[in-house]
Structures are given as structure tokens and as C-alpha cells.
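Structural description and commentary
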Amino acid sequence: MFSNNLATLTLIAAIGSGIVAGVFFAFSTFVMPALARIEPVQGIAAMQSINITAINPLFMLALFGTAVVCFLLAILTGLKWGQPHSAYLLIGSLLYLIGSIGVTIAFNVPLNDALASVKPNSPEGATLWSKYLMNWTFWNHVRTISAAIATLLFTIAFCTVKTRIQA
């Protein structure tokens, strides 16, 4: 019973972190570079709209629902340490919680809040925009890599757990 629940939570964590990694990857590879190519007024307005639209039930479920599952997996792993999948689950959970959620809260959200407070066509907006693009994108790269590696670790752990269940 425990192994089946663990396998289910691990699969959910792998899928959730994979979805989140994909969203972050899209921003790192083409959304932010595209916004950097247009005039600051347009880029600021577009990013302000994206930041408002991103706060929706499906994305919040993927982002924070996965965090809840990671938190549960970290606790369960601590209770059953020593299994072949333990390190994968703990490291994957910590990577997602710190590298994706922690970075989002500590860096990306404050940058978004600062951007939300400027008028796109103001001199302050243009100055902030150049710094925002560089800093936000850097921290988004960190989130992308963290979520992607967590996905890999959860996938390895899932395969290990399923193999033990079937044995």
C-alpha cells in the first residue's frame, strides 16, 4: 500500500515538475528574448499582462500543487530513508521546493511586483525594464534547470519504486 501511494505521488511530482519546467523553459528560450526585441513600452505592457494572466487556477495548481506533493515526498522519504529511491526523491523535492518555488517567491515575484508598479511609457519604466529582463531571466533559468532536474530525479525514482512493487 505504501509503495503504491509513493509511486502515485512520485508520478504526480514528475508530471507536475515537468509541466512547470516546460513553462519556465518557454520563457527562458523564446518569450523573454522576444520581449527583449520589442520597444520597452510594449515589452513592459506585455509582461505586465502575462504576470496577471499567469495567476490562474491551472498554473497555480501545477506550480504549488507540485510543491505540496514534493513536501509530502520529502517527509515520506525521511520516514522511509534507505530505500533505493530515497536520495532521488529527497533531492528532487528539495530542488523543486528551493529552486523553483523558493526562487519564484524570493526573486521573480518581487521583480514582477516592481514591474507592475511602473507605467510602461515612463522613463522609470524603461530603466527598470532593462534590469528586469536580465535579472528575471537569470532567475528563470535557475527555476527551469531546477524543475527539469527534479523531473529527471522523480522519473528515476518512479522507475525504481515501480520495479520494487513488481518484484
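Structural data are supplied above this passage.
A brief report on the enclosed structure follows. Remember, predicted model here, so these are calculated numbers, not experimental data.

Topologically, Ile 101 is positioned in helix 4 (residues 86–116). On the accessibility criterion, Ile 101 (9% relative accessible area) is buried. Distance from Ile 101 to Val 23, taken between C-alpha atoms, is 14 Å for residues 78 residues apart in sequence. Residues in contact with Ile 101, not counting those within four places in the same chain, are Leu 63, Phe 64, Ala 67 and Tyr 96.

Here the focus is the layout of surface pockets. Of the voids in this model, the largest pocket is the one considered here, and its volume is about 520 Å³. In terms of lining residues, the largest pocket is bounded by 23 residues, among which Asn 51, Ala 54, Ile 55, Phe 59 and Asn 112 are the most central. For the lining of the largest pocket, the secondary-structure elements that each account for two or more residues are helix 1 (2–37), helix 2 (40–53), helix 3 (57–79), helix 4 and helix 5 (123–166). Per element, the largest residue contribution to the lining of the largest pocket is 6 residues, and it comes from helix 4.

We now examine helix 2. The first and last C-alpha atoms of helix 2 sit 20 Å apart over 14 residues, in line with the 20 Å expected at 1.5 Å per residue. Among the residues of helix 2, those classed as buried are Gly 43, Ile 44, Met 47, Gln 48 and Asn 51. All buried residues of helix 2 fall inside an arc of 130° around its axis, so they share one side. Of the exposed residues in helix 2, the ones pointing more than 90 degrees away from its buried face are Ile 52 and Thr 53.

In this structure, Gln 48 sits in helix 2. Beyond its immediate stretch of four places on either side in the chain, Gln 48 contacts Leu 115, Ala 116, Val 118 and Pro 120.

Below, the discussion takes up the nonpolar core. Counting residues in each nonpolar core, the largest one holds 23 residues, and the members touching the most others are Val 20, Leu 63, Leu 73, Leu 89, Tyr 96 and Phe 154. Those elements that provide at least two residues to this core are helix 1, helix 3, helix 4 and helix 5. For this core, the leading source of residues is helix 1, giving 8 residues. Beyond its immediate chain neighbours, meaning those up to four positions away, Val 20 contacts Ala 62, Leu 63 and Tyr 96. In this structure, Val 31, Leu 35, Leu 115 and Tyr 132 belong to the second largest nonpolar core, which totals 13 residues.

This paragraph deals with the environment of Ala 62. For Ala 62, the position within the fold is in helix 3. Since its relative accessible area comes to 15%, Ala 62 is described here as buried. For Ala 62 and Ser 49, which are 13 residues apart along the polypeptide, the C-alpha to C-alpha distance reads 20 Å. Non-local contacts of Ala 62, meaning those with residues more than four positions away in its chain, are made with Gly 16, Ile 19, Val 20 and Tyr 96.

Parameters and conventions
- Residues numbered from 1 in each chain as written.
- Predicted model: local features only at pLDDT ≥ 70, side-chain atom pairs only at ≥ 80, totals over all residues.
- Heavy atoms only, no water.
- Helix = DSSP H or I, 4+ residues; strand = E, 2+ residues; numbered from the N terminus.
- Buried < 20%, exposed > 50% of the residue type's maximum accessible area, 1.4 Å probe, protein only.
- Contact = heavy atoms within 4.5 Å.
- 1 Å grid on protein atoms, 1.4 Å probe; cavity = no way out; pocket = protein on both sides within 12 Å on 5 of 7 lines; lining within 4 Å.
- Points joined across faces, edges and corners; volume = space filled by probe spheres on them.
- Expected span 1.5 Å × (residues − 1).
- Arc of directions from axis to C-beta.
- Core = buried A, V, L, I, M, F, W, Y, C linked by side-chain atoms within 4.5 Å.

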